[in-house]
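Next come the chains, spelled out residue by residue.
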Amino acid sequence: MGAGTGGFEQGELVGMPRRLFRASPSKLLAWVDCPRRYRMQYLDRPTPPTRPQRAHTSLGVAVHNALRDWWDLPGEHRTPASGAELVRTSWIESGFRDPDHSRTWRERSQEHVTTYLSDVDPSVQPLGIERTVSLKTGTLALSGRIDRLDDRGDGLAVVDYKTSRTVPTDDDARTSLPLALYAAAAWKMFRRRCVRVELHHLPSGTVAAHEHTPESLQRKLAEAESIAADARRAEDDYAQFGVDSGRFPAQVGPLCQWCDFRRHCPAGQAFGPEKSDWAALEDPVPAT
C-alpha cells in the first residue's frame, strides 16, 4: 500500500533496472525553487486549486501564440502587421487591473511583435516551432518544448522568446538549464550539432546568446540528473508518507508573493503580502 495514493502499488522487482525519472526542465526547476510547491503541483491529488492567471502570464501566452501562428500563415501573409493582428486575436484579458490596462499592454505587445518581426525573414522556415524534444540519460527521461528551433547552416540554434520587463543577458543564456537541455535534446534527436542558445527579448529588441561546448552541455545534463535524483528521493518518501513526508519544506522568499499555491502555504503567506494580479506590469514610478 502507498500512503500517498491510498491504493495498491507494484514495487520494483529485485535486480531489475529502475524506471527512468520523467521530467521537464520546468519540473526540475520547480523542485529547485520550492519543494513544497513541487509537491502540491506534481504529487498531491487532487491538485490544490491555484490562483487565477496573472496579467504578465496572459501577455506572455498571447505573444508566444501569435509568434507560433505567424509561421502557419502563407508566406506572402507573413508580415509584421499580420503578427500584430495575431496578438490582438490571441489576447487574454485575465489578470489586468481594468480594460484600459489590458488595452495599453495589448497595444505595447503589438508594437513589440511588429518591431521584432521586421527583422525576421519570413521565407526562412524554422526547423521547429513549439517543437517537443526529448532525451534519455541513464536515470532521466527528459522532455520539453522549444519556442523555435533554427537551422543556421553550421548547426541548430535554440530560440526562446521572452516578454518580461527584465532584459536578459548573455550570462542568463549561458546559465539557463532549460536552454542547455533543449540544445542537448535537439542535438540527439536531429543528429545535428546544437550548441547555440538565444533569448529573444521582444520589449527591448535584444538577443542574449551563448555558444555551449559538448562539455558544458554534459555538465548541464549532470546537473539535471542531480536535481532529478533529489526529487526522486523525495517522491519515494511521499509514496510512503504522503503529505506527512518531511522532504518538502517551503523555500520561503520573494517568490512566495507570486506563488500560485500561496493560499495553501502558511509559511509563504507569512513572508509578505501577495502581489497583485498585474504587479509585474505596473509602470515604474517616474523619477523626481
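Everything numeric here is computed off the predicted structure, so don't read it as measured data. (Residues numbered from 1 in each chain as written. Predicted model: local features only at pLDDT ≥ 70, side-chain atom pairs only at ≥ 80, totals over all residues. Heavy atoms only, no water.)

S.K.: Explain the environment of Leu59 to me, please; I cannot follow it from the model alone.
M.R.: Counting through the fold element by element, Leu59 comes out in helix H3 (residues 55–70). If we ignore the near neighbours within four places in the chain, the residues touching Leu59 are Trp91, Trp105, Ser109, Thr163 and Leu281. (Helix = DSSP H or I, 4+ residues; strand = E, 2+ residues; numbered from the N terminus. Contact = heavy atoms within 4.5 Å.)

S.K.: What am I meant to see in helix H7 (residues 177–190) here?
M.R.: The periodicity of an α-helix, 3.6 residues per turn, causes residues three or four places apart in sequence to face the same way. Along its 14 residues, H7 runs 20 Å from first to last C-alpha, staying within 8% of the 20 Å computed at 1.5 Å per residue. Taken across its 14 residues, H7 has ten buried, putting it largely inside the fold. Taken residue by residue, H7 has Leu177, Pro178, Leu179, Ala180, Leu181, Tyr182, Ala183, Ala184, Ala185 and Ala186 as its buried positions. Its side-chain oxygen at 3.2 Å from the backbone nitrogen of Leu179, Ser176 defines the N-terminal cap of H7. Of the residues trailing H7, Arg191 is marked for its positive phi of about 55 degrees. (Expected span 1.5 Å × (residues − 1). Buried < 20%, exposed > 50% of the residue type's maximum accessible area, 1.4 Å probe, protein only. Polar contact = N/O pair within 3.5 Å; in protein donor to acceptor, adjacent residues only side chain to side chain.)

S.K.: Looking at this structure, I do not really get the nonpolar core. What am I missing?
M.R.: For soluble globular proteins, nonpolar side chains are generally found buried alongside one another. Judged by nonpolar contacts, the single largest core of 39 residues is most densely connected at Leu28, Tyr38 and Val158. Broken down by element, the residue count for this core peaks at nine residues, all from H7. Look past the residues within four positions of Tyr38 in its chain and what remains in contact with it is Phe21, Lys27, Ala30, Trp31, Leu43, Ala231, Glu235 and Phe248. (Core = buried A, V, L, I, M, F, W, Y, C linked by side-chain atoms within 4.5 Å.)

S.K.: I would appreciate a short explanation of the packing of aromatic side chains in the present structure.
M.R.: Under the counting rule described, the total for this entry stands at seven aromatic pairs. A ring pair is formed by Trp31 and Tyr38, whose centres lie 5.3 Å apart and whose planes are at 80 degrees; its orientation type is edge-to-face. With 6.0 Å between their ring centres and 80 degrees between their planes, Tyr238 and Phe248 make a pair best called edge-to-face. One end of the pair, Tyr238, is in helix H8 (residues 214–241); the other, Phe248, is in the loop between H8 and helix H9 (266–271), and ten residues separate them in sequence. According to the relative accessible area criterion, Tyr238 is buried, its value standing at 8%. Taken together, the aromatic side chains of Trp31, Tyr38, Tyr42, Tyr238 and Phe248 make up a single cluster linked through ring pairs. (Phe/Tyr/Trp six-rings, centres within 6.5 Å; stacked < 30°, edge-to-face > 60°.)

S.K.: What is the right way to look at helix H5 (residues 99–117) in this model?
M.R.: An ideal rise of 1.5 Å per residue puts 27 Å on 19 residues; H5 measures up with 27 Å between its terminal C-alpha atoms. Within H5, burial applies to His101, Ser102, Trp105, Ser109, Gln110, Val113, Tyr116 and Leu117. Each buried residue of H5 sits inside an arc of 165 degrees when the element is viewed along its axis, so together they form one side. Structural note: H5 exposes Glu111 and Thr115 on the side pointing more than 90 degrees away from its buried face. On its buried side, H5 packs onto H3, helix H4 (80–90), strand S3 (140–151), strand S4 (156–162) and strand S5 (194–201). For H5, the side-chain oxygen to backbone nitrogen distance between the N-cap and Asp100 is 3.1 Å, and the N-cap itself is Asp98. (Arc of directions from axis to C-beta.)

S.K.: Quick question: what am I supposed to make of the packing of helix H1 (residues 25–33) against H8 here?
M.R.: Between two packed helices, both the angle of their axes relative to each other and the distance between the axes serve to describe the pair. It is the contact of H1 with H8, at a shortest axis distance of 10 Å, that shows an interaxial angle of 70 degrees. By the angle class used here, H1 and H8 are roughly perpendicular. Where H1 crosses over H8, the two elements pack in a sense that is left-handed. Contacts between H1 and H8 involve Lys27, Leu28, Trp31 and Val32 from the former and Ala224, Ile227, Ala228, Asp230, Ala231, Ala234 and Glu235 from the latter. Among the residues making up the contact of H1 with H8, the classes are represented as eight nonpolar, no polar and three charged. (Axes fitted to C-alpha atoms, helices over the stretch in contact; angles between N-to-C directions. Parallel < 35°, antiparallel > 145°, perpendicular 65-115°, else oblique. Left-handed = near helix turned anticlockwise from the far one by under 90°. Nonpolar A, V, L, I, M, F, W, Y, C, P; charged D, E, K, R; others polar.)

These values are about where atoms sit, not about what they do.
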